Amino acid sequence: GRNGGTVAQSYNDGVVGGISGPEASTNVGGLVGYNLDGGEVVECFSTGEVSGGGAVGGLVGFSSGSIVHCYSAGWVNGNWSVGGLVGDNYGDIAASFWDIHTSGQTESAGGTGLTTAEMQTGATFLDAGWDFVGETANGTEDIWWILEGKDYPRLWWEAEKLTIDY
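Report follows, based on the coordinates. (Residues numbered from 1 in each chain as written. Predicted model: local features only at pLDDT ≥ 70, side-chain atom pairs only at ≥ 80, totals over all residues. Heavy atoms only, no water.)

Description of the side chain of D88
Here comes step 1: Examined against the element boundaries, D88 turns out to sit in strand β16 (residues 86-89).
Here comes step 2: For D88, the contacting residues outside a window of four places in its chain are A55, G61, F62, S63, S81 and A109. (Helix = DSSP H or I, 4+ residues; strand = E, 2+ residues; numbered from the N terminus. Contact = heavy atoms within 4.5 Å.)

Digging into the sheet that holds strand β13 (residues 71-72)
Here comes step 1: Across the sheet, which stays open at both edges, the five strands sit in the order β3-β8-β13-β18-β19 with parallel pairing between neighbours. The open sheet has two edge strands with one neighbour each: β3 (11-12) and β19 (112-114).
Here comes step 2: Alignment of strand β8 (residues 45-46) against β13, held across two bridges, turns out to be parallel. Paired with S46 across the two strands is S72, which belongs to β13. (Pairing = 2+ DSSP bridges.)

Some remarks on the side chain of S63
Here comes step 1: Looking at the element boundaries, S63 is found in strand β11 (residues 60-63).
Here comes step 2: One polar contact links the side chain of S63 to the main-chain amide nitrogen of G65, over a distance of 3.3 Å.
Here comes step 3: Those residues in contact with S63 that lie beyond four places of it in its chain are N35, V86, D88, N89, Y90 and G91. (Polar contact = N/O pair within 3.5 Å; in protein donor to acceptor, adjacent residues only side chain to side chain.)

What to know about the nonpolar core
Here comes step 1: Counting residues in hydrophobic clusters, the biggest one holds 14 residues, and the most contacted among them are Y71, F97, M119, F125, W130, F132 and W144.
Here comes step 2: Ignoring anything within four residues of it in the chain, the contact list for F97 reads C70, Y71, S72, L85, T112, L114, M119, T124, F125, A128 and W130.
Here comes step 3: Of all hydrophobic cores here, the second largest spans eleven residues; its members include V7, V41, I67 and L85. (Core = buried A, V, L, I, M, F, W, Y, C linked by side-chain atoms within 4.5 Å. Buried < 20%, exposed > 50% of the residue type's maximum accessible area, 1.4 Å probe, protein only.)

What to know about the sheet that holds strand β6 (residues 32-35)
Here comes step 1: Within the open sheet, the four strands sit side by side as β1-β6-β11-β16. Their pairing is parallel. For this open sheet the edge positions go to β1 (2-3) and β16, each flanked by a neighbour on one side alone.
Here comes step 2: Pairing of β1 with β6, which is carried by two bridges, proceeds in the parallel orientation. Within the sheet, the bridge partner assigned to N3 lies in β6 and is N35.

Now the structure itself:
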C-alpha cells in the first residue's frame, strides 16, 4: 500500500506478490509499496519474499520519502527497477541495509548491500547509529536487539514473543 505518514518499528515476514504477466504490478515492497513524498519508514524491516513487475524492493517498492534505520533480507524478484532494499528511489535513505545473499540482489536504489554474516553482526548497525538494548551511545530508547551471528536485528518488543515461541 501507500504511505504518506510514518511507519515505525514495524515488520513483515510474509510473502508479498504483485500481479505477474503483461499486467505486472508496480510499486511492490516487502513492507510499503509506495512511500510518498513526506512519508517516513523508520526502524522497520522485512524478511518476506517480494515479487512484482517494476519498482520492486525488499522493503519499499518506490520511495520519494525517507527511509531510516531499516533493513530487508527476503528474496526479491521483478522485471525492472528491482532492488534489495528499494526498487526505485527519489527520497532520502539513511543507515539502511539489505542482505545481498538472501535477497538475490546486488543492486538497490538506496541503502547498503551486505553479506549475511555482516547483517547478523551488531557492530554493523551500531556503527550506523542504530539504538540497541543495553547501549547508550546511539540513544536510550532500546529499539533493537540481536542474537549475534545467528539472526538479524529484531525490534525490542519481539524478544518476549520469540522467547514464548521457542
